[in-house]
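Survey of secondary and tertiary structure
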Amino acid sequence: MPQRLEFFFDFASPYSYLAHSQLADLGAEVIVRPMQVLKVMEAVGNQPTTIQSPAKGRYAFADLTRWAQRYGVPLNPGRMRTNDSAACARAVLAAGRLGEANAATAAIFHAFWGVAEPLRTNAEILNVLGKAGLDAARLAALLDDPSVAADLDANTREAADRGVFGAPTIFVGDDMYFGNDRLDFVRERLAQPVAA
């Protein structure tokens, strides 16, 4: 039985997109845990460094482009500031109730960062999910359900409580790995025998 990893992410994080594109190759069961990274950062006293440092912000696009080329994935960040990442996260949690959280995550990441589709409204998000083969009609009834919003808040609180300070963050058991550039460490950890 494969080991499992928990993937805490925010759709607004391009490094979450990049890391997610590689998770299937790790040979682990992936548990997607959407969160609101700015709320996590606020809770733990962290701040986005690209806001603090304009020079880092200018560098980030070149860095993201290099990683996308290395992974062989498209990178089109054209709508990153207008898409509703919280609604996208709720869509994943709603899809999880139908056993489709991973499929929804993949479809939304591709739309958000790969091809720059608009994801500003529930209708646009449902369109992306429907094109990916998910049951958009059933999901429509869940997207604004208060319990789904509560699940997103709970994920966000849990992330902060477990020491998360940014996105993406991966847990294998209690071991935490932050960032797209830590996947080699995750791979090494997954290769260790599972404790009895």
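For the structure itself, look to the data block above.
So, a few notes on the structure that sits alongside this text. (Residues numbered from 1 in each chain as written. Predicted model: local features only at pLDDT ≥ 70, side-chain atom pairs only at ≥ 80, totals over all residues. Heavy atoms only, no water.)

Helix and strand counts for the protein stand at ten helices and four strands. Going from the N terminus to the C terminus, the protein shows its helices and strands as β-α-β-α-α-α-α-α-α-α-α-β-β-α. Expected size for 196 residues packed as a compact globule is a radius of gyration near 16 Å; at 16 Å, the protein falls within 12% of this value. With the C-alpha coordinates of the protein rotated into their principal frame, the extents come out at 45 × 40 × 35 Å. In the protein, which comprises 196 residues, the share counted as buried stands at 45%. Across the protein, contacts joining residues at least 24 apart in sequence account for 72% of those joining residues at least 6 apart. (Helix = DSSP H or I, 4+ residues; strand = E, 2+ residues; numbered from the N terminus. Rg over C-alpha atoms; globule rule 2.2 N^0.38 Å. Buried < 20%, exposed > 50% of the residue type's maximum accessible area, 1.4 Å probe, protein only. Contact = heavy atoms within 4.5 Å.)

Right, let's get into the pattern of salt bridges. Within the structure shown, the criterion is met by ten salt bridges. Glutamate 117 serves as the salt-bridge partner of lysine 131, at 3.0 Å between the closest nitrogen and oxygen. On the criterion of sequence distance, the pair formed by lysine 131 in helix H7 (residues 122–131) and glutamate 117 in the loop between helix H6 (101–114) and H7 is long-range, its members being 14 residues apart. Take lysine 131: its relative accessible area is 55%, and that puts it in the exposed class. Of the residues examined, glutamate 117 reaches a relative accessible area of 21% and is grouped as partly exposed. Residues arginine 162 and glutamate 158 are paired through a salt bridge, measuring 2.9 Å at the closest nitrogen-oxygen approach. Relative accessible area serves as the criterion here: at 28%, glutamate 158 is assigned to the partly exposed category. Here the residues in one salt-bridge network are Glu6, Arg33, Glu158 and Arg162, joined through shared partners. (Salt bridge = Lys/Arg side-chain N within 4 Å of Asp/Glu carboxyl O.)

On the surface, Val44, Phe165, Met176 and Phe178 cluster together to form a nonpolar patch covering roughly 290 Å² of accessible area. Of note, valine 44 is situated in helix H2 (residues 37–44). (Patch = residues over 30% accessible without salt bridge, like charges linked within 9 Å, V, L, I, M, F, W, Y side chains within 5 Å. Areas by Shrake-Rupley, 256 points an atom, 1.4 Å probe, with all protein chains shown as cover.)

We now examine the pairing of strand S1 (residues 4–9). With five of six residues buried, S1 lies mostly within the body of the structure. The sheet contact formed by S1 and strand S2 (residues 29–34) spans six bridges and is parallel. Among the inter-strand pairings, arginine 4 is bridged to a residue of S2, identified as glutamate 29. You can see the chain leave S1, run along helix H1 (residues 14–20) and come back into S2, and the turn it takes is right-handed. As defined by bridge partners, S1 adjoins strand S3 (residues 169–172) across three bridges and the pair is classed as antiparallel. Considered in S3, the bridge of phenylalanine 7 is made with isoleucine 170. (Pairing = 2+ DSSP bridges. Right-handed = clockwise from strand over helix to strand, strands pointing away.)

For the rest of this paragraph, the subject is H6. A rise of 1.5 Å per residue sets the reference length of H6, with its 14 residues, at 20 Å; its end C-alpha atoms lie 19 Å apart and thus fit the reference within 8%. With ten of 14 residues buried, H6 lies mostly within the body of the structure. Of all the positions in H6, only Ala101, Ala104, Thr105, Ala107, Ile108, Phe109, Ala111, Phe112, Trp113 and Gly114 are classed as buried. Residues of H6 that are buried in the fold lie against S1, H1, S2, helix H5 (85–96) and H7. Alanine 116 sits one or two residues past H6 and shows a positive phi near 55 degrees. (Expected span 1.5 Å × (residues − 1).)

Moving on, we get to the environment of aspartate 184. Relative to the helices and strands, aspartate 184 is located in helix H10 (residues 183–191). A residue is classified by how much of its surface remains accessible, and aspartate 184, at 54% relative accessible area, is exposed. Only 2.9 Å separates the side chain of aspartate 184 from the side chain of arginine 187, close enough to count as a polar contact. (Polar contact = N/O pair within 3.5 Å; in protein donor to acceptor, adjacent residues only side chain to side chain.)

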